[in-house]
Amino acid sequence: FQLMLEPARERLKKYTIEELCEKGNIQFCKEKSEFVVSSIGQEIKVHYPDFVIKQEVEMWHHLTLLQYMAMADGSSLTGKWIDLSQMRGGLSRGISFNKDITSIFEKNFVDVSVDAFQKACQELGGVIMEGRADITVKIPYASMFPIQINYWEGDDEFLPSGKVLVDENAEHYLTIEAAGSACIIVVNGIVNKLK
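Parameters at a glance
- Residues numbered from 1 in each chain as written.
- Predicted model: local features only at pLDDT ≥ 70, side-chain atom pairs only at ≥ 80, totals over all residues.
- Heavy atoms only, no water.
- Pairing = 2+ DSSP bridges.
- Helix = DSSP H or I, 4+ residues; strand = E, 2+ residues; numbered from the N terminus.
- Axes fitted to C-alpha atoms, helices over the stretch in contact; angles between N-to-C directions.
- Phe/Tyr/Trp six-rings, centres within 6.5 Å; stacked < 30°, edge-to-face > 60°.
- Buried < 20%, exposed > 50% of the residue type's maximum accessible area, 1.4 Å probe, protein only.
- Core = buried A, V, L, I, M, F, W, Y, C linked by side-chain atoms within 4.5 Å.
- Contact = heavy atoms within 4.5 Å.

J.: Hey, could you go over the sheet that holds strand β2 (residues 34–39) for me, with residue numbers and the actual values?
T.: Reading across from one edge, β1-β2-β3 is the order of the 3 strands in this open sheet, with antiparallel pairing throughout. In the strand order of this sheet, the two ends are held by β1 (27–29) and β3 (42–47), each with one partner. Between one strand axis and the next, the sheet turns by 35 degrees as a mean value, whatever way the strands run. Two strands pair when backbone bridges link them, and β1 and β2 are joined in this way by 3 bridges, in the antiparallel orientation. Residue Phe 28 lies in a different strand from β2, and its bridge partner there is Phe 35.

What follows is the structure, given as structure tokens:
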């Protein structure tokens, strides 16, 4: 983790404050010298110029937010949702992340009602959407990196299941590895809200 964190901070130092704000659609507070990144129901503060997050944030969440800031290129979101396996490099890594996510749903969402799932998602900044699942929610991992979660409640015959999707232009904001990590962080965030 530490070996990846320092290069992520170094990459950010080559951009101006204005570039980072514009490309990632984030705010900068001059008085406190910090960027404010809205992520899964929290306002994460990234100190400038060292790009340190002093809040208690799970380590991969910390790293992927810095990667988001460095990779963001300001591309518009399409509103078309794709599976992680459809991202560049996703045939191997995306399928692996999808299996991990399926496992999390099967192990942690037994007896979780649609109402309880909805409430947990809304606590993470989630917005209910139209969809074919029992419930479809869009959760902002970052302002330009929304994650859609489709949830099907389990019953006597079937285990609960879920599918996670990202915007078609997700690769303009995170690599497949970081996107997969972000999706797992969001699903685990829902698990934690249900405890």
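J.: Describe the packing of aromatic side chains, listing the residues and the values that go with them.
T.: Working definition: an aromatic ring pair is given by the centre-to-centre distance plus the angle between the planes. Scanning the model with the defined rule gives 13 aromatic pairs in all. Centroid distance Phe 105 to Phe 117: 6.4 Å. Interplanar angle 35 degrees. Geometry classified as tilted. Of this pair, Phe 105 sits in helix α4 (residues 93–108) while Phe 117 sits in helix α5 (residues 114–123); the two residues are 12 residues apart in sequence, bridging distant segments of the chain. Residue Phe 105 is classed as buried on the basis of its relative accessible area of 0%. Members of the aromatic cluster, connected to one another through ring pairs, are Phe 28, Phe 35, Tyr 48 and Phe 51.

J.: If you had to explain the nonpolar core to someone new, which residues and values would you point to?
T.: Met 69, Phe 109, Phe 117, Phe 145 and Ile 149 are the most contacted members of the largest nonpolar core, which totals 62 residues. Considering every element that reaches this core, the biggest residue donor is helix α6 (residues 176–194), with 11 residues. Not counting residues within four places of it along the chain, the set of residues in contact with Phe 109 comprises Ile 104, Phe 117, Tyr 151, Pro 160, Val 187, Ile 190, Val 191 and Leu 194.

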